[in-house]
Amino acid sequence: FAVSACGSDAVEEVDIAKTAPQVSFKPASDEYDGTVAKPGSPFSISYKIVGTPIVGTPVAINLQIVSAFGPRTVNLTYRINDASAMMFGESQLRSVSLEPAANETSMTQQVIVIPLREGRLYLNVSASFETDDGTISTVTAIPVQVGTGTRVLQEHGAVEVDEDGEAVRVLSND
């Protein structure tokens, strides 16, 4: 990667691999059900749903946040897009500011939600921090499965082999 100032012939070589922070996005323990982190994302958010989500009953979601930029204060914001599907617990804050302990690389937080119907519901979690150049953030949707329904992948068409010997899915007009 090369950087050049406007009107200047000088080119500064920057090795991104050397400037990127070396942080592991693995959860600190195996107790978390899922880790949501995209390559290049500033945060990894791992989650564990405590207990079985039941309609009308509060359920706790434990979150573990790891910053690719090392220990720093992180602002968390929680949002539910469909108020008819799920709501926050009575005393649940919608936004918190977390600071890691002295020797810790991750932060934990618990969110209480109340499912209002069965199905797959989502809690949106936004993690961010301020820099001199603006805000750096990640938004993650935490799935909460309520009830016995499961997601089943429905396949369409038929798998056939093309003239090159590769499998292709052929969709019909039926």
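Above this note sits the structure.
Note that this is a predicted model, so its numbers are computed, not measured. (Residues numbered from 1 in each chain as written. Predicted model: local features only at pLDDT ≥ 70, side-chain atom pairs only at ≥ 80, totals over all residues. Heavy atoms only, no water.)

## Concerning the overall build of the chain
Step number 1: Looking only at helices and strands, the chain features 1 helix and 13 strands.
Step number 2: Sequence-ordered secondary structure for the chain, helices as α and strands as β, is β-β-α-β-β-β-β-β-β-β-β-β-β-β.
Step number 3: The buried share of the chain, reckoned over its 174 residues, is 30%.
Step number 4: Sequence separation of 24 or more characterises 54% of the internal contacts of the chain that already satisfy a separation of 6 or more.
Step number 5: Here the chain displays about 11600 Å² of accessible surface, and carbon together with sulfur accounts for 50% of that area. (Helix = DSSP H or I, 4+ residues; strand = E, 2+ residues; numbered from the N terminus. Buried < 20%, exposed > 50% of the residue type's maximum accessible area, 1.4 Å probe, protein only. Contact = heavy atoms within 4.5 Å. Areas by Shrake-Rupley, 256 points an atom, 1.4 Å probe, with all protein chains shown as cover.)

## A few points about the pairing of strand β6 (residues 74-79)
Step number 1: By the alternation rule, side chains of β6 split into V74, L76 and Y78, which are all buried, and N75, T77 and R79, of which none is buried.
Step number 2: As defined by bridge partners, β6 adjoins strand β8 (residues 95-98) across 4 bridges and the pair is classed as antiparallel. Each residue of the ladder has a partner; that of N75, found in β8, is S97.
Step number 3: Of the pairings in the sheet, the one linking β6 to strand β10 (residues 119-131) comprises 5 bridges and is antiparallel in character. Paired with N75 across the two strands is S128, which belongs to β10. (Pairing = 2+ DSSP bridges.)

## Focus: the side chain of S128
Step number 1: Here S128 is to be found in strand β10.
Step number 2: Here S128 falls in the buried class, since its relative accessible area comes to 12%.
Step number 3: When neighbours within four sequence positions are excluded, S128 is seen to be in contact with F43, T73, V74, N75, T135, I136 and S137.

## Section: the pattern of salt bridges
Step number 1: Per the stated rule, a full pass over the model turns up 1 salt bridge.
Step number 2: Of the charged contacts, one joins D82 and R117 as a salt bridge, the two residues approaching to 3.8 Å between their closest N and O atoms. On the criterion of sequence distance, the pair formed by D82 in the loop between β6 and β7 (86-88) and R117 in the loop between β9 (106-115) and β10 is long-range, its members being 35 residues apart.
Step number 3: Note on D82: relative accessible area 34%, which makes it partly exposed.
Step number 4: Owing to a relative accessible area of 35%, R117 belongs among the partly exposed residues under this scheme. (Salt bridge = Lys/Arg side-chain N within 4 Å of Asp/Glu carboxyl O.)

## So, the sheet that holds β8
Step number 1: Ordered in space as β8-β6-β10-β11, the 4 strands form an open sheet in which the pairing is antiparallel. Only two strands of the sheet have a single partner each, and these edge strands are β8 and β11 (134-146). Going across the sheet, the axis of each strand differs from the next one's by a mean of 20 degrees, ignoring polarity.
Step number 2: When β10 meets β11, the two strands line up antiparallel, connected through 13 bridges. Within the sheet, the bridge partner assigned to G119 lies in β11 and is V146. (Axes fitted to C-alpha atoms, helices over the stretch in contact; angles between N-to-C directions.)

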